[in-house]
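Summary of structural features
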Amino acid sequence: MWSKKNRRCYERTGLRYPSDLTDDEFKLIEPCLPPERIVCRRALVDGIFYVLTTGCQWRQLPKDFPPRSTTHDYFVELNSTAPARSPSFITHSMPSCVRSKAEPRRRHSPSSTARA
């Protein structure tokens, strides 16, 4: 349920774009990313999420992100690190990595979900 406390947790104000990661979100995925090189990994990930969220073409990536070719190459690299015959890193491996780093899931009793 959306309470005032929950709204503050998920608020996206103060970010450049709604698709940008908060500091806490980036801390969760940072261990899953390849080592940093010349361009900041956070800017690259924000650029990738911008394209995935908005559905824009790579060539329409705003100029305040790293170059589109660099961002696209990083996206391809992230997807190629996923094991063969498995879904891509962005849609499968990264979320599972985040889930494993996040607080442990609560176990529900079987009776609580059973229908009468």
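To be clear, the structure that these remarks concern was listed above.
The notes below deal with the structure included here.

The rules we used
- Residues numbered from 1 in each chain as written.
- Predicted model: local features only at pLDDT ≥ 70, side-chain atom pairs only at ≥ 80, totals over all residues.
- Heavy atoms only, no water.
- Helix = DSSP H or I, 4+ residues; strand = E, 2+ residues; numbered from the N terminus.
- Expected span 1.5 Å × (residues − 1).
- Buried < 20%, exposed > 50% of the residue type's maximum accessible area, 1.4 Å probe, protein only.
- Phe/Tyr/Trp six-rings, centres within 6.5 Å; stacked < 30°, edge-to-face > 60°.
- Lys NZ or Arg CZ within 6 Å of the ring centre and 35° of its normal.
- Arc of directions from axis to C-beta.
- Salt bridge = Lys/Arg side-chain N within 4 Å of Asp/Glu carboxyl O.

Brief notes about helix α3 (residues 41-54)
Along its 14 residues, α3 runs 20 Å from first to last C-alpha, staying within 8% of the 20 Å computed at 1.5 Å per residue. All of the buried residues in α3 are R41, L44, V45, D46, G47, I48, Y50 and V51. One or two steps after α3, the chain reaches G55, where phi turns positive at roughly 80 degrees.

Digging into the packing of aromatic side chains
Scanning the model with the defined rule gives four aromatic pairs in all. Centroid distance Y17 to F65: 5.2 Å. Interplanar angle 25 degrees. Geometry classified as stacked. Of the two residues, Y17 is situated in the loop between α1 (4-9) and α2 (23-29) and F65 in the loop between α3 and α4 (68-80); the sequence distance between them amounts to 48 residues. For F65, a relative accessible area of 5% puts it in the buried group. Site record: aromatic cluster; members linked through ring pairs are Y17, Y50 and F65. Sitting above the plane of the F65 ring, R16 keeps its charged end 4.6 Å from the centroid.

Notes on α4
Between its terminal C-alpha atoms α4 stretches 18 Å, which fits the 18 Å expected from 13 residues at 1.5 Å a residue. For α4, the set of buried residues is T71, Y74, F75 and L78. Around the axis of α4, the buried residues are gathered within 100 degrees of arc, so they sit on the same side.

Some points on the pattern of salt bridges
Inspection of every chain in the model, using the stated rule, returns six salt bridges. The partner of D20 in a salt bridge is R16, and the shortest N-O contact between them spans 3.4 Å. The exposure class of R16 is partly exposed, given its relative accessible area of 42%. Between R37 and E77 there is a salt bridge, and its shortest N-O distance comes to 2.7 Å. Taken together, the residues R37 in the loop between α2 and α3 and E77 in helix α4 connect sequence positions 40 residues apart.

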